[in-house]
There are 2 protein chains.
Amino acid sequence: MSKKISWTADVAELLRVGEGFRLADVDAEATPAYDGGKSDGEDDLARGAAQLDELQERLFASSRGGGRHTSVLLVLQAMDTAGKGGIVRHVMGSVDPQGVWLTAFKKPTEEELAHDFLWRIEKRTPETGMIGVFDRSHYEDVLIGRVRRLASADEIERRYGAIVDFEKRLTDAGTRVVKVMLHISRDEQRTRLMARLDRPDKHWKYNPGDIDERRLWPDYMDAYQVAFERTSTADAPWFVVPANRKWYARLAVQQLLIRALQDIDPRWPAATYDVDAERKRLLVS
Amino acid sequence: MSKKISWTADVAELLRVGEGFRLADVDAEATPAYDGGKSDGEDDLARGAAQLDELQERLFASSRGGGRHTSVLLVLQAMDTAGKGGIVRHVMGSVDPQGVWLTAFKKPTEEELAHDFLWRIEKRTPETGMIGVFDRSHYEDVLIGRVRRLASADEIERRYGAIVDFEKRLTDAGTRVVKVMLHISRDEQRTRLMARLDRPDKHWKYNPGDIDERRLWPDYMDAYQVAFERTSTADAPWFVVPANRKWYARLAVQQLLIRALQDIDPRWPAATYDVDAERKRLLVS
């Protein structure tokens, strides 16, 4: 493993969606703030895994002592094949499974549709000490919801504000919200879909409906742009991660999580018992 | 990584609790069916991880095509410090998190106590395609339940039968149930608890109540023995895994899971669409 540190700038700063952000200007091939190539990236991912691992254990441990709620929520959104599953697998997979609570949101059930769109989301927010991961999220309700007109224009409008309020409540209550869009180019998606068609062991991942969605690409990009403008806040910002290079996307998301945890700076809780007295009890037990 | 295969016998056969099994005769230091040492064991664990990984993906994929319910449920029981967390971390941690559903059962809540003991268990049984993992389980209700007399003798008696019926229903419905007790010696537990007291970053894992439980060691061993006799069935057998050597315990549990999945023999589902037609649609999209 090389010793070179290949980060050249604050990746969180570079990828954050701020004032004047335009999704159309993002190059999905780029590797912002990163100087190395794929093999450096893999080395750095392994290094980052050890760091993330310790930070997660501290977060978990610190929550056991009671005190203030502290958790992390990683929200993953993307067009099909952009690599959400790879993030779950290769970034979250290096963390103790006991500290991660993963939810893959599917098409809402009838019961879910009979409630406000945030009802099913609220139930899956992470408890203290945990890293929650949303593979798709409440943003579907303003993305496919908008593109496919699954709700009225007024209702979609209402949702942006509802999301901002909801996320503010979460962050006020101690959850660090990290929202990531993995951004691939339309050509890259074609390549990846074709690869699924070429391999019988990947056929199950392909669905003819994927092409119907793909045809609406420009509408989806517009819907993302609006969602960013309406919901990227100081407390719960969006990050757009170029994802044509899978290794970069994984590395960048790992860094965003590491940053979030470093900001929380969780500490090992002090013993709530007399350590020496317990040693003595243990010896005679 | 050495090429030597160090398994010498059918580990599932050797560890299965059958007729005449006596927990008191199990040597927690032993490494049944395994010829190698720790470093072979670590090599074999990495090899097994790749195997388990593919089998899990096949299980997941095969369930997407609909058809019969197929899932795996790994039940982990043990005295404190025996290494349940290590199994979750080092065996399940090598599998795609999207295919694993982990439940750590705690002291029942008031709501849970207001229902039958299997109520909270049923809710956490794995859906088709998934590997469910129980860190503690319904067996607590006949282990600590019996030792601490948390229920009447009649009620404890009733539970053995209820568990057998419940697990039979699961297996009949397509869930492969793998029940594992990690078995450490009482001395080994003292060593491990002492190690927690010696490291400030492990203090949070220690609880003075651990010693109170430890003092009831013989009662717990009796309760395990009875539970094995009453609930180790052909369809849902218990496996007692010697666990003083952590590397062996992990390797053995991994093998038990691999066996269960090989028995299921999940296949990649066939495409439900015309692959060539989709290729053409994709090219013009």
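Note that the coordinates shown come from a computational prediction; the quantities given were computed from them, not determined experimentally. (Residues numbered from 1 in each chain as written. Chains lettered and ligands numbered in written order. Predicted model: local features only at pLDDT ≥ 70, side-chain atom pairs only at ≥ 80, totals over all residues. Heavy atoms only, no water.)

**Student:** Which residues make up the confidence of the model for chain A, and what values go with them?
**Tutor:** Scored by pLDDT, chain A has a mean of 96; 98% of the residues are at 70 or more. The complex prediction reports pTM at 0.95, with the ipTM value standing at 0.93. (pLDDT = per-residue confidence, 0-100.)

**Student:** Describe in detail the relation of the copies chain B and chain A, supporting the description with residues and values.
**Tutor:** Once chain B is rotated about the relating axis by 180° and shifted along it by 0.0 Å, it coincides with chain A to within an RMSD of 0.0 Å. What the rotation and shift describe, once combined, is the action of a two-fold rotation axis. Closest approach to the rotation axis among the C-alpha atoms of chain B is made by G93(B), whose C-alpha sits 3.2 Å away. A symmetric contact is evident, with 100% of the interface residues of chain B recurring at the interface of chain A. (Least-squares fit on C-alpha atoms with pLDDT ≥ 70 in both. Contact = heavy atoms within 4.5 Å.)

**Student:** Describe the packing of aromatic side chains, and please don't skip the residues or the numbers.
**Tutor:** For the coordinates displayed, the defined rule picks out 22 aromatic pairs over all chains. An angle of 90° between the planes, with centres 4.9 Å apart, marks the rings of F105(B) and F134(B) as edge-to-face. Of this pair, F105(B) sits in the loop between strand 2 (100-104) and helix 4 (110-113) while F134(B) sits in strand 3 (residues 131-135); the two residues are 29 residues apart in sequence, bridging distant segments of the chain. Relative accessible area serves as the criterion here: at 7%, F105(B) is assigned to the buried category. Among the aromatic residues, those joined into a cluster by ring pairs are F21(A), Y139(A), Y224(A), F228(A) and W238(A). (Phe/Tyr/Trp six-rings, centres within 6.5 Å; stacked < 30°, edge-to-face > 60°. Helix = DSSP H or I, 4+ residues; strand = E, 2+ residues; numbered from the N terminus. Buried < 20%, exposed > 50% of the residue type's maximum accessible area, 1.4 Å probe, protein only.)

**Student:** Got a sec to walk through the packing of helix 8 (residues 186-198) of chain A against helix 12 (residues 275-283) of chain B? Specific residues and values, please.
**Tutor:** For the pair helix 8 of chain A and helix 12 of chain B, the least separation of the axes is 10 Å and the interaxial angle reads 170°. Taken together, helix 8 of chain A and helix 12 of chain B sit at an angle that is classed as roughly antiparallel. Within the contact between the two elements, helix 8 of chain A uses R190(A), L193(A), M194(A), L197(A) and D198(A) and helix 12 of chain B uses V275(B), E278(B), R279(B), L282(B) and L283(B). Among the residues making up the contact of helix 8 of chain A with helix 12 of chain B, the classes are represented as six nonpolar, no polar and four charged. (Axes fitted to C-alpha atoms, helices over the stretch in contact; angles between N-to-C directions. Parallel < 35°, antiparallel > 145°, perpendicular 65-115°, else oblique. Nonpolar A, V, L, I, M, F, W, Y, C, P; charged D, E, K, R; others polar.)

**Student:** Explain the nonpolar core to me, using residue names and the numbers behind them.
**Tutor:** Grouped together as the largest cluster of nonpolar side chains are 78 residues, with contacts concentrated most on L74(A), V180(A), L182(A), F228(A), V241(A) and Y248(A). It is helix 11 (residues 246-264) of chain A that contributes the most residues to this core, twelve residues altogether. Aside from chain neighbours lying at most four places away, what touches Y248(A) is W7(A), V11(A), L15(A), A30(A), T31(A), P32(A), Y34(A), V241(A) and P242(A). Formed by 77 residues, the second largest nonpolar core is a distinct cluster that contains F105(B), F134(B), A236(B) and V253(B). (Core = buried A, V, L, I, M, F, W, Y, C linked by side-chain atoms within 4.5 Å.)

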